Amino acid sequence: MSTRPRILVHGASGRMGQALLRLAAGREDLDIVAAVSGRPPKQRVIDGVPYFGASELGGAPTFDVAIDFSLPGGFDPLLALCIKRGAALVSGTTGLDDAQRAALDAAAATIPVLWASNFSLGVAVLEDLVARAAAVLPGWDCDIVESHHTRKLDAPSGTALTLGEAAAGQGATPHYASIRAGDIVGEHLVQFTSVGERIELVHRATNRDIFASGALHVAARLAGRAPRRYAIADLLGDAAA
């Protein structure tokens, strides 16, 4: 695009939404034009960004990409608005039902869409490495160990399952183990083992900002692209930007 992509942050009052707004303020490759939270805000403009409640979504200004980290209940109106305006959608909202996932696939015929369980750019590289290893190591054992803080309830993590799908797609049979301890942000170990040798592929997250930074990275590069379903790996170029 010839101008900086205009970004709408959906789920602005959540932890990820707040991180997106904070980190976006220091970037020169995009502009935040609206922030949407569940309830109508008490303050309409903060640091130059106009705020809207979910019920006011239709009144948001023109945007090129919506970044969505909200709840399943707010997903449908946002997807409908993106389709109506021809804007791209980047979403990390979890808990979508089958109908919502199908709607996301259908939307990819008219707009660029990207949904991911983890927006770490390093995890996207790890997923590719896991698939490549599984493809060339038929018959090897595949084990995935994920570690997170004690407040995380789901196990295995969504990221572990995504890595397992990458391995299974190349013929491996992944097995999972989960650890919940202290304040671990997120660690994923994928281990391929045969008689007498073992390969370990590991990603460790030490700062939660990497997830918001990754979402901003892909949003800046998704704007103006052809309609289809994208993965983070499709948009990894210039990761330091």
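Definitions and limits used
- Residues numbered from 1 in each chain as written.
- Predicted model: local features only at pLDDT ≥ 70, side-chain atom pairs only at ≥ 80, totals over all residues.
- Heavy atoms only, no water.
- Helix = DSSP H or I, 4+ residues; strand = E, 2+ residues; numbered from the N terminus.
- Rg over C-alpha atoms; globule rule 2.2 N^0.38 Å.
- Contact = heavy atoms within 4.5 Å.
- Areas by Shrake-Rupley, 256 points an atom, 1.4 Å probe, with all protein chains shown as cover.
- Lys, Arg positive; Asp, Glu negative; His and termini not counted.
- Charge placed at Lys NZ, Arg CZ, Asp CG, Glu CD.
- Pairing = 2+ DSSP bridges.
- Right-handed = clockwise from strand over helix to strand, strands pointing away.
- Core = buried A, V, L, I, M, F, W, Y, C linked by side-chain atoms within 4.5 Å.
- Buried < 20%, exposed > 50% of the residue type's maximum accessible area, 1.4 Å probe, protein only.
- Phe/Tyr/Trp six-rings, centres within 6.5 Å; stacked < 30°, edge-to-face > 60°.
- Lys NZ or Arg CZ within 6 Å of the ring centre and 35° of its normal.
- Axes fitted to C-alpha atoms, helices over the stretch in contact; angles between N-to-C directions.
- Parallel < 35°, antiparallel > 145°, perpendicular 65-115°, else oblique.
- Left-handed = near helix turned anticlockwise from the far one by under 90°.
- Nonpolar A, V, L, I, M, F, W, Y, C, P; charged D, E, K, R; others polar.
- UniProt positions renumbered as here; feature names shortened; annotations may be inferred.

**What about the overall build of the protein chain?**
- Summing up its helical and strand segments, the protein chain has six helices and 12 strands in all.
- For 241 residues, the compact-globule estimate of 2.2 N^0.38 gives 18 Å, and the C-alpha radius of gyration of the protein chain, at 19 Å, lies within 12% of that figure.
- C-alpha extents for the protein chain along the principal axes are approximately 60 × 40 × 35 Å.
- Restricting the contact set of the protein chain to residue pairs at least 6 apart, pairs at least 24 apart contribute 66%.
- For the protein chain, the exposed area adds up to about 11,800 Å²; of that, 53% sits on carbon and sulfur atoms.
- Computing the positive centroid from 22 side-chain charges and the negative centroid from 25, the protein chain places the two 7 Å apart.

**A few points about the pairing of strand β7 (residues 112–115)**
- When strand β6 (residues 88–91) meets β7, the two strands line up parallel, connected through three bridges. Paired with L89 across the strands is V113, a residue of β7.
- Crossover connection from β6 via helix α3 (residues 98–107) to parallel β7: handedness right-handed.
- Looking at chain direction, β7 and strand β12 (residues 228–230) are connected through three bridges and run parallel. Counted as the bridge partner of V113 is R229 from β12.

**Comments concerning the nonpolar core**
- Core analysis: the largest hydrophobic core is formed by 33 residues, its most contacted members being L114 and F119.
- Apart from residues no more than four positions distant in its own chain, F119 is found in contact with F69, V90, S91, G92, L114, I210, F211, G214, A215, V218 and I232.
- Among the nonpolar cores identified, the runner-up in size contains 22 residues, and A66, F75, C82 and L104 belong to it.

**Digging into the packing of aromatic side chains**
- By the definition in use, this model includes one aromatic pair.
- Consider the rings of F69 and F119, whose centres lie 5.3 Å apart with planes at 65°: the pair is edge-to-face. Taken as a pair, F69 in the loop between β5 (65–68) and α2 (72–85) and F119 in the loop between β7 and α4 (121–136) lie far apart in primary sequence, 50 residues in all.
- Overall, F69 belongs to the buried group, its relative accessible area being 16%.
- Across from the ring centre of Y230, 4.0 Å away, lies the NZ or CZ of R228, which sits over that ring.

**As for the packing of helix α1 (residues 15–24) against helix α6 (residues 209–222)**
- In the contact formed by α1 and α6, the axes pass within 9 Å of each other and the chain directions differ by 65°. Between α1 and α6, the crossing angle belongs to the class labelled roughly perpendicular. Crossing handedness for the pair α1 and α6: right-handed. Where α1 abuts α6, its residues M16, A19, L20, R22, L23 and A24 lie against D209, F211, A212, S213, A215 and L216.
- Its residues assigned to classes, the contact of α1 with α6 shows nine nonpolar, one polar and two charged.

**Some words on the UniProt feature "binding site: NADP(+)" (unreviewed entry) in the protein chain**
- Sequence positions flagged by UniProt for "binding site: NADP(+)" (unreviewed entry) are, in local numbering, R39.
- Tracing the sequence through the fold places R39 in the loop between β2 (31–37) and β3 (45–46).
- Residue R39 is classed as exposed on the basis of its relative accessible area of 71%.

**What about the packing of α4 against helix α5 (residues 158–168)?**
- Following both chains from N to C, one finds α4 and α5 inclined at 30°, their axes separated by 8 Å at the closest point. α5 is crossed by α4, and the crossing has right-handed handedness. Across the interface between the two elements, V123, L126, E127, V130, A131 and A134 from α4 touch T159, T162, L163, A166 and A167 from α5.

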